[in-house]
Amino acid sequence: MKHLLKLADLSKEEILTVLNLADQLKYERKNGVAGEYLKGKKLGMIFQKSSTRTRVSFEVGMYELGGYALFLSNRDLQIGRGEPVEDTARVLSRYLDGIMIRTFEQKEVEDLAQYGSIPIINGLTDYAHPCQVLADLMTIRECKGSFRGLKLCFVGDGNNMANSLMVGCIKTGMKFSIACPKGYEPDAALMTWAKENGDFTITEDVSEAMRDADVVYTDVWASMGQEEEKEKRIKAFKGFQINADNMRAAKNDAMVQHCLPAHRGEEITADVFEAHADEIFEEAENRLHAQKAVLCKLMK
Ligand code: CP
Ligand code: NVA
């Protein structure tokens, strides 16, 4: 594993190795025996979009591992004024030991990896959110014991989260179903891959998708960069909400996951969110452990 650009690049074994290390790092932290595995290492964090969890968990993660993280806002970098990614990559590679980037186009992340000479981590693009899904998989395994026989249902927009969850679930042997409105499906090539490599279904019927699900997942209807489509999307996604009614279609002990931030009353009702708050905030905590594992795998 040289980079984390998207989950599709990782084998099942690589994913499980990261998750096992994440479990170990969580245990070490809880028991006060965490090692400084990245002493003196420096991570640059480029943000072209807002962030709470990704920024804080990477920064705290590097600190806990004995390293240092630099927050690099697009507004301050020359990249925001048009300096090419290929030049930025070659310059930053001479100062840093790794880069985490949150941006719009997946191509920008791939270009950083191509032109730089240090590990690149995708901290969210319009196409993928691999760090989030590693934390999700960690949380699911923690809660359910294993991935065997599990079904995850995603309700909502076929966005970066849906794309990465689809890949993460199929690679770990879970069934993946998605309920989304016409015109808001996940990436077509990824859906073809999912159909060929596992148990994948897509429908406009939310209860049908949620039937017997072990994990129910949702995300915002309008992602970062889609603020102007908000009203149009609220109309398009009416009915694609997780609520107490359709939760009855899932298994009795189904867990609910949300990458956050959440919009109560839109993609999820406040009562379902609060009933599953422990699982959702454990998932948020696991961003820290899963990313520390990724950092160790790439930078140690
Ligand atoms: N889930 C997630 O990536 O959150 P942030 O946008 O706050 O980083
Ligand atoms: N789909 C959301 C995820 C936020 C973590 C977005 O891209 O804004």
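The preceding data block contains the structure.
First, a word on what this report is: a plain description of the structure on this page. (Residues numbered from 1 in each chain as written. Chains lettered and ligands numbered in written order. Predicted model: local features only at pLDDT ≥ 70, side-chain atom pairs only at ≥ 80, totals over all residues. Heavy atoms only, no water.)

With that settled, consider the sheet that holds strand β1 (residues 42-47). One open sheet accounts for 4 strands, arranged β2-β1-β3-β4; its pairing is parallel. The two strands at the open ends of the sheet, each matched to only one other strand, are β2 (68-73) and β4 (120-122). Here the average twist between neighbouring strands, direction ignored, is 20 degrees. (Pairing = 2+ DSSP bridges. Helix = DSSP H or I, 4+ residues; strand = E, 2+ residues; numbered from the N terminus. Axes fitted to C-alpha atoms, helices over the stretch in contact; angles between N-to-C directions.)

Around ligand 2, the surrounding shell consists of L124, H129, N159, N160, D219, V220, S223, M224 and L260. In this structure, a nitrogen atom belonging to ligand 2 sits 2.7 Å away from a side-chain N or O atom of S223. Interatomic distance of 2.8 Å between a backbone N/O atom of M224 and an oxygen atom of ligand 2. Taken by itself ligand 2 offers 270 Å² of open surface, and the protein chains cover 94% of this. Split by residue class, the shell around ligand 2 holds 4 nonpolar, 4 polar and 1 charged. (Near = heavy atom within 4 Å. Polar contact = N/O pair within 3.5 Å; in protein donor to acceptor, adjacent residues only side chain to side chain. Areas by Shrake-Rupley, 256 points an atom, 1.4 Å probe, with all protein chains shown as cover. Nonpolar A, V, L, I, M, F, W, Y, C, P; charged D, E, K, R; others polar.)

Around ligand 1, the neighbouring residues are S51, T52, R53, T54, R102, H129, Q132, C259, L260 and R287. Within the side chain of S51, a nitrogen or oxygen atom sits 2.6 Å from an oxygen atom of ligand 1. In this structure, H129 approaches ligand 1 through a side-chain N or O atom, which is 2.8 Å from an oxygen atom. For ligand 1, whose accessible area on its own is 250 Å², the fraction buried by protein is 95%. Judged by the proximity of its atoms to the pocket grid, ligand 1 belongs to the largest pocket. Looking at the shell around ligand 1 residue by residue, the class counts come to 2 nonpolar, 5 polar and 3 charged. (1 Å grid on protein atoms, 1.4 Å probe; cavity = no way out; pocket = protein on both sides within 12 Å on 5 of 7 lines; lining within 4 Å. Sits in = over half its atoms within 2 Å of the grid points.)

Right, let's talk about the nonpolar core for a bit. One finds L152 and F176 to be the most contacted residues of the largest nonpolar core, which totals 56 residues. Residue contacts for L152: discarding those within four places in its chain leaves I140, L165, C169, M174, K175, F176, S177, V215 and Y217. Core analysis: the next-biggest nonpolar cluster, separate from the first, contains 22 residues, C153, V155, A209 and M247 among them. (Core = buried A, V, L, I, M, F, W, Y, C linked by side-chain atoms within 4.5 Å. Buried < 20%, exposed > 50% of the residue type's maximum accessible area, 1.4 Å probe, protein only. Contact = heavy atoms within 4.5 Å.)

Helix-helix packing is described using two parameters, namely the angle between the two axes and the distance between the axes. Where helix α1 (residues 12-30) meets helix α12 (residues 277-299), the axes come as close as 8 Å, and the angle between the chain directions of the two elements is 110 degrees. The angle between α1 and α12 places the two elements in the roughly perpendicular class. Like other packed secondary-structure pairs, α1 and α12 cross with a definite hand, here right-handed. For the pair α1 and α12, contact is made by T17, V18, L21, A22, L25, K26, R29 and K30 and by E282, E285, N286, L288, H289, A290, K292, A293, V294, C296 and K297, respectively. Tallied by class, residues from the contact of α1 with α12 come to 9 nonpolar, 3 polar and 7 charged. (Parallel < 35°, antiparallel > 145°, perpendicular 65-115°, else oblique. Left-handed = near helix turned anticlockwise from the far one by under 90°.)

Here the structure, examined in full by the defined rule, presents 23 salt bridges. For D97, the salt bridge goes to K42, with nearest N and O atoms at 3.9 Å. Linking D97 in the loop between α3 (85-92) and β3 (98-102) with K42 in strand β1, this pair joins segments that are 55 residues apart in sequence. The partly exposed category is assigned to K42, whose relative accessible area is 32%. Between E229 and R233 there is a salt bridge whose closest N-O contact spans 2.8 Å. Classification of R233 by relative accessible area gives buried; the value is 5%. (Salt bridge = Lys/Arg side-chain N within 4 Å of Asp/Glu carboxyl O.)

Summed over the entire model, instances satisfying the criterion amount to 6 aromatic pairs. Ring geometry for F176 against F200: centres 6.1 Å apart, planes inclined by 5 degrees, an arrangement best described as stacked. Of the two residues, F176 sits in strand β6 (residues 175-179) while F200 sits in strand β7 (residues 200-203), which places them 24 residues apart along the sequence. The same class applies to F176 as to F200, namely buried. Put simply, the rings of Y184, W221 and F237 pair up and form one aromatic cluster. Here the guanidinium or amino end of R55 rests over the ring plane of F71, the centre of that ring lying 3.8 Å away. The lysine or arginine in question, R264, covers the ring of F273, its NZ or CZ lying 4.1 Å from the ring centre. (Phe/Tyr/Trp six-rings, centres within 6.5 Å; stacked < 30°, edge-to-face > 60°. Lys NZ or Arg CZ within 6 Å of the ring centre and 35° of its normal.)

Here β6 pairs with β7 via 4 bridges, running parallel. When the sheet's bridge partners are listed, A179 is paired in β7 with T203. Read as a crossover between parallel neighbours, the route from β6 over helix α7 (residues 188-197) to β7 is right-handed. (Right-handed = clockwise from strand over helix to strand, strands pointing away.)

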